[in-house]
Amino acid sequence: MKKMTSAELRSAFLEFFRQRGHAIEASSSLIPANDPTLLFTNAGMVQFKDVFLGREQREFTKAATSQRCVRAGGKHNDLENVGYTARHHTFFEMLGNFSFGDYFKKEAIHFAWDFLTQELEIPAEKLWVTVFEEDAEAEAIWLEDVGIDKNRFSKIGAKDNFWSMGDTGPCGPCTEIFYDHGEHIAGGPPGTPEEDGDRYIEVWNLVFMQYDRDIDGTLTPLPKPSVDTGMGLERIAAVLQGVHSNYEIDLFQSVLTVAAKLANTTDLNQSSLRVIADHIRSCAFLITDGVMPSNEGRGYVSRRIIRRAIRHGYRLGIQDVFFYQLVAPLVKEMGEAFPELKAAQAQVERVLQKEEQRFAETLGQGMKILEVFQVM
């Protein structure tokens, strides 16, 4: 298995699909364009929604991206799990390849398998595959065409293997690829009673977009069957870097180290440090994309994330305004891949510093009121 930095992995993924005729598109904003059904961009396919629906034409029929995503509100909300599990984040990168009526299940499955087992050199015996229980076509491709081990294969129901970006919109059956972190970690294969655990981790989801779901749940076939895939950069980086937790990969280490120094600790595994390291990513990119902390809508979610990070700083004993100081190490780690973050660095720091000062004043006023009531 190859050893790669996150930057090398991102580049390898995009180059793999560039060589196979895919247009490489930049990450879109975290604010979905012309889509009131979504709070934030939560998957790589969001910028292509109208293409899947046949409402928009592009100059290409297949593409690949590394999309910035936030899941901290609406249907996909991982906020409360962040910092306490190995893989939940408010912000993450989704590597994805897409076909808009060009190729379909067979090609998508072969692309994924070849990238994982040949390009990244992950042993086939470390991977587990699932398909939607009614998708006989995908089952046959995996077992008969690709020739995977049937003992590392499961058929699962719609709850886990039928994907949609929201309550309405493009959707379809999917096939998922899991990485087996080893028997020393608790948890069974997907689809079994023991699946709740961290041994088998989903790394890639291949969605076969076949339908448009309307408000009453009716499924209408799309004009052209398409493909939407998503592989979490942080998850696959953990595999290649030989660690079990996403927070141990290179993308987090610089921020965690600076945060730990501010907290006067050397233990980088503390949950509060992980919350802070995750939250600076989502807050910085949200501000970069124009989401300012406020008391409503997207701004309210941004403010909530910022204040959650600050509270965890208090838990660690950090007394001074600190959160904005983590923007610089974040830019150092991700500014080359996302130059818009580097360009907005000064503004992001100003907004976060002002927001933290405002929150500190609010807490101070609250403590004074509490003291008055205690005296009474």
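Per chain, residues are indexed from 1 in the order of the written sequence. Residues qualify for local features only when their pLDDT is at least 70, as the model is predicted, and side-chain atom pairs are given and counted only at 80 or more; totals for whole chains, interfaces and linings, by contrast, use all residues. Values shown for side chains rest on all heavy atoms present in the structure; no hydrogens or waters enter the calculation.

What follows covers the pattern of salt bridges. Salt bridges are identified by distance alone: a Lys or Arg side-chain nitrogen within 4 Å of an Asp or Glu carboxyl oxygen. Summed over all chains, the structure comprises 15 salt bridges. Across the pair lysine 106 and aspartate 145 runs a salt bridge whose closest N-O atoms are separated by 3.7 Å. Here aspartate 145 lies in helix 4 (residues 136-146) and lysine 106 lies in helix 3 (residues 105-119), a separation of 39 residues in the sequence. Throughout, exposure labels follow a simple rule: accessible area from a 1.4 Å probe, protein chains only, divided by the maximum for the residue type, with under 20% read as buried, over 50% as exposed, and the rest as partly exposed. With a relative accessible area of 45%, lysine 106 lands in the partly exposed category. Note that glutamate 355 is salt-bridged to arginine 307, the shortest N-O span being 3.6 Å. A residue pair is termed long-range when its members are at least 10 positions apart, and glutamate 355 in helix 12 (residues 345-375) and arginine 307 in helix 9 (residues 297-315) qualify at 48 residues. Like glutamate 355, the residue arginine 307 is buried in the burial classification. Here the residues in one salt-bridge network are Arg68, Asp289 and Glu340, joined through shared partners. Numbering of helices and strands starts at the N terminus; helices are DSSP runs of H or I of at least 4 residues and strands are runs of E of at least 2.

Attention now moves to the nonpolar core. Counting 91 residues, the largest nonpolar core has Leu116, Trp142, Ile177, Trp204 and Phe323 as its most contacted members. Ranked by residue count, the leading element in this core is helix 8 (residues 271-288), at nine residues. Residue contacts for phenylalanine 323: discarding those within four places in its chain leaves Ile276, His279, Ile280, Cys283, Ile306, Ala309, Leu352 and Glu356. For the purposes of this section, nonpolar cores are sets of buried Ala, Val, Leu, Ile, Met, Phe, Trp, Tyr and Cys residues that join through side-chain atoms within 4.5 Å. In terms of nonpolar packing, the next biggest core, distinct from the first, is built from 18 residues, Ala23, Leu38, Ala43 and Phe100 among them. By definition, residues are in contact when any of their heavy atoms lie within 4.5 Å.

Right, let's get into the pairing of strand 4 (residues 127-132). Burial of strand 4 is extensive: six of the six residues sit out of reach of the surface. Residues of strand 4 alternate between two faces, with Leu127, Val129 and Val131 on one and Trp128, Thr130 and Phe132 on the opposite face, all of them buried. For strand 4 and strand 7 (residues 169-180), the ladder comprises five bridges, and the chain directions are antiparallel. Residue pairing across strands places leucine 127 opposite tyrosine 179, the latter belonging to strand 7. Think of it this way: DSSP has to see at least two bridges between two strands before they count as a pair.

What follows is about helix 4. For helix 4, every residue scored as buried is listed here: Ala138, Ile141, Trp142 and Val146. Looking straight down helix 4, one finds its buried side chains confined to an arc of 90°; they lie on one side. Of the exposed residues in helix 4, those oriented more than 90 degrees away from the buried face are Ala136 and Glu144. Those residues of helix 4 that are buried lie in contact with helix 3, strand 4, strand 5 (153-156), strand 7 and strand 8 (200-213). Trailing helix 4 by a residue or two, glycine 147 shows a phi angle of about 80°, which is positive. Here, the arc refers to the directions that run from the helix axis to the C-beta atoms.

To continue, consider the packing of aromatic side chains. Side-chain rings of Phe, Tyr and Trp, where Trp is taken by its six-membered ring, are said to pair if the distance between their centres is within 6.5 Å; with planes under 30 degrees apart they count as stacked, over 60 as edge-to-face, and otherwise as tilted. All told, the structure shown has 21 aromatic pairs when counted by the stated rule. Between the aromatic rings of phenylalanine 13 and phenylalanine 115, the centroid separation amounts to 5.5 Å while the plane-to-plane angle is 85°, which identifies the pairing as edge-to-face. Highlighted residues: phenylalanine 13 in helix 1 (residues 6-18) and phenylalanine 115 in helix 3, separated in sequence by 102 residues. Look at phenylalanine 13 and you get buried, because its relative accessible area is 0%. An aromatic cluster is built from Phe13, Phe16, Phe17, Tyr103, Phe111, Phe115 and Trp204, whose rings are joined through pairwise contacts. The criterion for a charge sitting over a ring is simple: Lys NZ or Arg CZ within 6 Å of the ring centre, and within 35 degrees of the ring normal. One Lys or Arg, arginine 20, reaches over the ring of phenylalanine 16 and ends 3.6 Å from the middle of that ring.

Of note, the phi angle at glutamate 121 is positive, near 60°, even though the residue is not glycine. In this fold, glutamate 121 is placed in the loop between helix 3 and strand 4.

For the rest of this paragraph, the subject is the side chain of serine 282. Mapped onto the elements, serine 282 comes out in helix 8. A relative accessible area of 0% places serine 282 in the buried class. Residues within four places of serine 282 in sequence aside, it is in contact with Val70, Thr90, Phe91 and Ile305.

For helices, the axis comes from a line fit to the C-alpha atoms of the stretch in contact; other axes are also lines fit to C-alpha atoms, and the angle between any two N-to-C directions lies between 0 and 180 degrees. Viewed as axis vectors pointing N to C, helix 7 (residues 250-262) and helix 8 meet at an angle of 120°, and their least axial separation amounts to 9 Å. Looking at the two axes, helix 7 sits oblique to helix 8. For the pair helix 7 and helix 8, the crossing hand works out as right-handed. Mapping the contact onto sequence places Leu251, Phe252, Val255, Leu256, Ala259 and Ala260 in helix 7 and Leu273, Arg274, Ile276, Ala277, Asp278, Ile280 and Arg281 in helix 8. Under the grouping applied here, Gly and all other residues not named as nonpolar or charged are polar, the nonpolar ones being Ala, Val, Leu, Ile, Met, Phe, Trp, Tyr, Cys and Pro and the charged ones Asp, Glu, Lys and Arg. Taken together, the residues of the contact of helix 7 with helix 8 sort by class into 10 nonpolar, no polar and three charged. Each angle gets one of four labels, with under 35 degrees taken as roughly parallel, over 145 as roughly antiparallel, 65 to 115 as roughly perpendicular, and the rest as oblique. Rotating anticlockwise by less than a right angle from the far helix to the near helix defines a left-handed crossing, while the corresponding clockwise rotation defines a right-handed one.

It is worth spelling out helix 1 at this point. Owing to its 3.6 residues per turn, the α-helix brings residues three or four apart onto one side. Taking 1.5 Å per residue as the helical rise, helix 1 with its 13 residues ought to reach 18 Å, and the 18 Å between its terminal C-alpha atoms agrees with that figure. The complete set of buried residues in helix 1 reads Ser6, Leu9, Arg10, Ala12, Phe13, Leu14, Phe16 and Phe17. Expected span, for any helix, means 1.5 Å times one less than how many residues it has.

The topology assignment puts aspartate 160 in helix 5 (residues 158-161). Sequence-wise, aspartate 160 and isoleucine 148 are 12 residues apart; in three dimensions their C-alpha atoms are separated by 21 Å. Once residues within four sequence positions are removed from consideration, aspartate 160 is found in contact with Cys174 and Glu176.

Our focus in this paragraph is the environment of glutamine 57. Mapping glutamine 57 onto the fold places it in the loop between helix 2 (49-52) and strand 2 (62-70). Glutamine 57 sits in the exposed class, given a relative accessible area of 67%. Along the chain, glutamine 57 and histidine 184 lie 127 residues apart, while their C-alpha atoms are 49 Å from each other.

Once that is clear, we can look at the packing of helix 1 against helix 3. Any two packed helices are characterised by the angle at which their axes cross and by the distance between the axes. The geometry of helix 1 relative to helix 3 is characterised by a closest axis approach of 12 Å and an angle of 130° between their N-to-C directions. It follows from the interaxial angle that helix 1 and helix 3 lie oblique. The handedness of the crossing between helix 1 and helix 3 is right-handed. Only Phe111, Asp114, Phe115 and Glu119 of helix 3 make contact with helix 1, whose side of the interface consists of Leu9, Ala12, Phe13, Phe16 and Phe17. For the contact of helix 1 with helix 3, the residue count by class is seven nonpolar, no polar and two charged.

Any functional reading would require information beyond the geometric quantities listed.
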